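Overview (structure and organization)
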Amino acid sequence: MKRVAIAILVVFAASLPVRSDGRIASDFEIASMQSQLSRSRNPMARVAALLNLGDLRHTRGEGALSRESYGRAIEILDAQRAEGRRRQDLAKYAVATAWRGLAEAKLGRESAAFDAFEEALRYVSDSPGIWNLYASAMTVAGRPEKAVASARNAVMIANADAGATPLDRHVYEYTLASALLAMERDRVGEQEAETLLSGIIESLAGRTFETLRRRIVRNEEFEILSSTEQDASAYLALFNRSRLRLARLYEQSGRPAAAREQYRAVLAARSDDAQALGAMARLTREAADRERYFEESLDANPFSRDLIREYEAYIAGEHPRSASGSGPGAAVRNALHAQRAGRFREASESLQPLLARFPENDVVRFLLARNAVALGDMKEADRLETRIRSRALRGELAAIRSSLVTESIDILERGSDRDPSDQQVRALFLALQRGSLSAAQVAVLDSLVISAVVVFAEGRFSGEETTSFDRGMLHSVPFRFPAPAAFRGRFEGSRVRLEFRILGATEIEGAAGLLLEPLRITPS
């Protein structure tokens, strides 16, 4: 039977240089898929375009648009299934049903996906393509055991089929490797996946595919998509994803040099790969390179929650300069810097134009809702949260709210006076901003002497062997003293252990912060 279109598990953006015009890496692919939808009369080509659009929207945090695309694909597939039944074309019916199963898995409907594949296999059980779709869907649905079994069937059938091409076999091997890596704490599976991925990469770079590579170069083909029937697109996607998977495996198993080599190979082919850029930021040793890689990764995909989380950890630990550049990536970086400094209104002002430009973006709404919580504006946080389609982001926001309430009570009820956590400090800070502490809690706070490591802003050393400071950072919360405080000794670094009382919330150069009464610097 005709080859079933290939489904690579994750969406890929094009092999284009990082843009400086404010566009992000997936803009071109989205425009290309929308064009394909408008001009194509082939139902399965339209299905592929819609699944690609859904995946692209998903990587950008646009949950509602992503689900809409998957739903439209299912409508076309149901029409194809009905036509297959009417014409008694069972192969066509089975293929459309299998693709429906993949779309259902992407929508998070595991039971419907499982039922669709069981139905498809009743009619065509010897198609490696259908088994490959089944494996892909089960990986998406979080059923790695079922995915591995289905992928092994695809590989076995293809290896026994003289008509299967090397590219077909590599696609099925890649799906098997992906399913194996989805298994938790399976060292044997990881070793098998590493062997598979290394073999795929070596083969794709070899003489077998030399003619296809020349054709790709001659035709200037570069789109890397998740669903395709074309050899060139499948080759580009498979090469890109296999290298990323192998690099991540090297990274997780403590082989950073080997991981960097694979990530560099990805970036040599497509310099705006957000995953590879983010990984290089994690793995590079040079501070300037690290900052550059982080900036370029967020330029490529400003709405990746994983990249945002890594960038937040980076600016918290290394205190880089403020964000530079323009476009959505710079806007997100500016917002994260402002939030880190406690300037939550400024952070929201940086994000509002993004919400106007990307009105269905869950990640932007999440960041704005998180700022609203920090400012104590729960009504605005509620309004934003109701529009977030991502369950993971809604859960994260709920956890932030819960921890603020729990920990603000915790630090005062226990009288915790040494090394409060960042969450405890921020919770207390927000409670002070909102004026939500009870009289009893205020009384506890007035008598509470806290010892914590703080980072002072630049001090002033005098000839009397004292150093004066007036402000700094307590974890992620800025603070100042009522007046500059002099401490005996010369402090070469500004990171010290300080005993202090919290007097209340205040303003520091237009940003919210804590007002502290310094008592003394103590040994760490």
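This text follows the structure it describes.
Criteria and cut-off values
- Residues numbered from 1 in each chain as written.
- Predicted model: local features only at pLDDT ≥ 70, side-chain atom pairs only at ≥ 80, totals over all residues.
- Heavy atoms only, no water.
- Helix = DSSP H or I, 4+ residues; strand = E, 2+ residues; numbered from the N terminus.
- Buried < 20%, exposed > 50% of the residue type's maximum accessible area, 1.4 Å probe, protein only.
- Contact = heavy atoms within 4.5 Å.
- Areas by Shrake-Rupley, 256 points an atom, 1.4 Å probe, with all protein chains shown as cover.
- Pairing = 2+ DSSP bridges.
- Axes fitted to C-alpha atoms, helices over the stretch in contact; angles between N-to-C directions.
- Parallel < 35°, antiparallel > 145°, perpendicular 65-115°, else oblique.
- Left-handed = near helix turned anticlockwise from the far one by under 90°.
- Nonpolar A, V, L, I, M, F, W, Y, C, P; charged D, E, K, R; others polar.
- Salt bridge = Lys/Arg side-chain N within 4 Å of Asp/Glu carboxyl O.
- Phe/Tyr/Trp six-rings, centres within 6.5 Å; stacked < 30°, edge-to-face > 60°.
- Arc of directions from axis to C-beta.
- Expected span 1.5 Å × (residues − 1).
- Core = buried A, V, L, I, M, F, W, Y, C linked by side-chain atoms within 4.5 Å.

Turning our attention to the overall build of the protein. For the protein, the helix and strand inventory stands at 22 helices and eight strands. With 524 residues in all, the protein has 52% of them scored as buried. Contacts spanning at least 24 positions in sequence make up 59% of the contacts within the protein whose residues lie at least 6 apart. Of the roughly 23700 Å² that the protein leaves accessible, carbon and sulfur atoms contribute 48%.

Turning to the pairing of strand β7 (residues 495-508), a few remarks are in order. Here strand β3 (residues 450-456) runs beside β7; their pairing, made up of six bridges, is antiparallel. Its bridge partner being in β7, Ser-451 is matched across the sheet by Glu-499. Bridge analysis of β7 against strand β8 (residues 511-522) gives eleven bridges, and the strand direction is antiparallel. Residue pairing for β8: Ile-508 is matched across the bridge by Ala-511. The loop that links β7 with its antiparallel partner β8 comprises two residues; one of these, Glu-509, has a positive phi angle of about 50°.

Here we come to the packing of helix α11 (residues 231-252) against helix α13 (residues 274-283). One can describe the packing of α11 onto α13 by two numbers: an axis separation of 11 Å at closest approach and a directional angle of 25°. As summarised for this structure, α11 and α13 are arranged roughly parallel, according to the angle between their axes. Relative to α13, the crossing made by α11 is left-handed. Listed contacts from α13 to Arg-241, Leu-244, Arg-248 and Glu-251 of α11 are Gln-275, Ala-276, Ala-279, Arg-282 and Leu-283. Here the contact of α11 with α13 is built from residues that sort into four nonpolar, one polar and four charged.

Attention now goes to the pairing of strand β6 (residues 477-488). Within a regular strand, side chains alternate between the sheet's two faces. As paired elements, strand β5 (residues 466-474) and β6 share eight bridges and run antiparallel to each other. Within β6, the residue paired with Gly-472 across the bridge is Phe-479. Inspection of the sheet shows β6 paired to β8 by two bridges, in the parallel sense. Of the residues in β8, the one forming a bridge with Phe-479 is Leu-514.

A few words on the pattern of salt bridges. Within the structure shown, the criterion is met by 42 salt bridges. Salt-bridge contacts for Arg-270 lead to Asp-273; the nearest nitrogen and oxygen are separated by 3.0 Å. The burial state of Arg-270 is the same as that of Asp-273; both residues are buried. The shortest N-O distance in the salt bridge between Arg-305 and Glu-312 comes to 3.6 Å. Overall, the relative accessible area of 12% leaves Arg-305 in the buried class. By relative accessible area, which is 17% here, Glu-312 ends up buried. Through salt bridges with shared partners, a single network forms among Arg-305, Asp-306, Arg-309, Glu-312, Arg-370 and Glu-396.

Further remarks concern the packing of aromatic side chains. By convention here, two paired aromatic rings are described through the distance between centres and the angle between planes. This model, assessed by the stated rule, comprises 15 aromatic pairs. Between Phe-209 and Tyr-235, the aromatic rings sit 5.7 Å apart at their centres with planes inclined by 45°, giving tilted as the arrangement. Of this pair, Phe-209 sits in the loop between α9 (187-204) and α10 (210-218) while Tyr-235 is found in helix α11, placing the two residues 26 residues apart along the sequence. When its relative accessible area of 5% is taken as the criterion, Phe-209 is described as buried. You can call Tyr-235 buried: its relative accessible area is 3%. Taken together, a centroid distance of 5.8 Å and an interplanar angle of 45° make the contact between Tyr-311 and Tyr-314 tilted.

Here we take up helix α19 (residues 378-385). Here α19 has its buried residues at Ala-381, Leu-384 and Glu-385. Along α19, the residues classed as buried sweep out an arc of 100° about the axis, all on the same side.

Another point: helix α16 (residues 328-340). Over its 13 residues, α16 extends 18 Å from the first C-alpha to the last, a length consistent with the 18 Å expected when each residue adds 1.5 Å. For α16, the buried fraction is high: eleven of the 13 residues fall into the buried class. Those residues of α16 that sit buried are Pro-328, Gly-329, Ala-330, Ala-331, Val-332, Arg-333, Ala-335, Leu-336, His-337, Ala-338 and Gln-339. Check the buried side of α16 and you find it contacts α14 (287-300), α15 (305-318), α17 (344-357), α18 (362-374) and α21 (422-434). Where α16 ends, the next residue or the one after it, Gly-342, has phi of about 85°, a positive value.

General note: in soluble globular proteins, nonpolar side chains tend to be found buried as a group. Ranked by internal contacts, the top residues of the largest apolar core, which has 116 residues, are Leu-204, Tyr-263 and Leu-354. Considering each element in turn, this core owes the most residues, ten residues, to α11. The next biggest cluster of nonpolar side chains, apart from the first, holds 30 residues, and it includes Ile-411, Leu-430, Val-454 and Ile-502.

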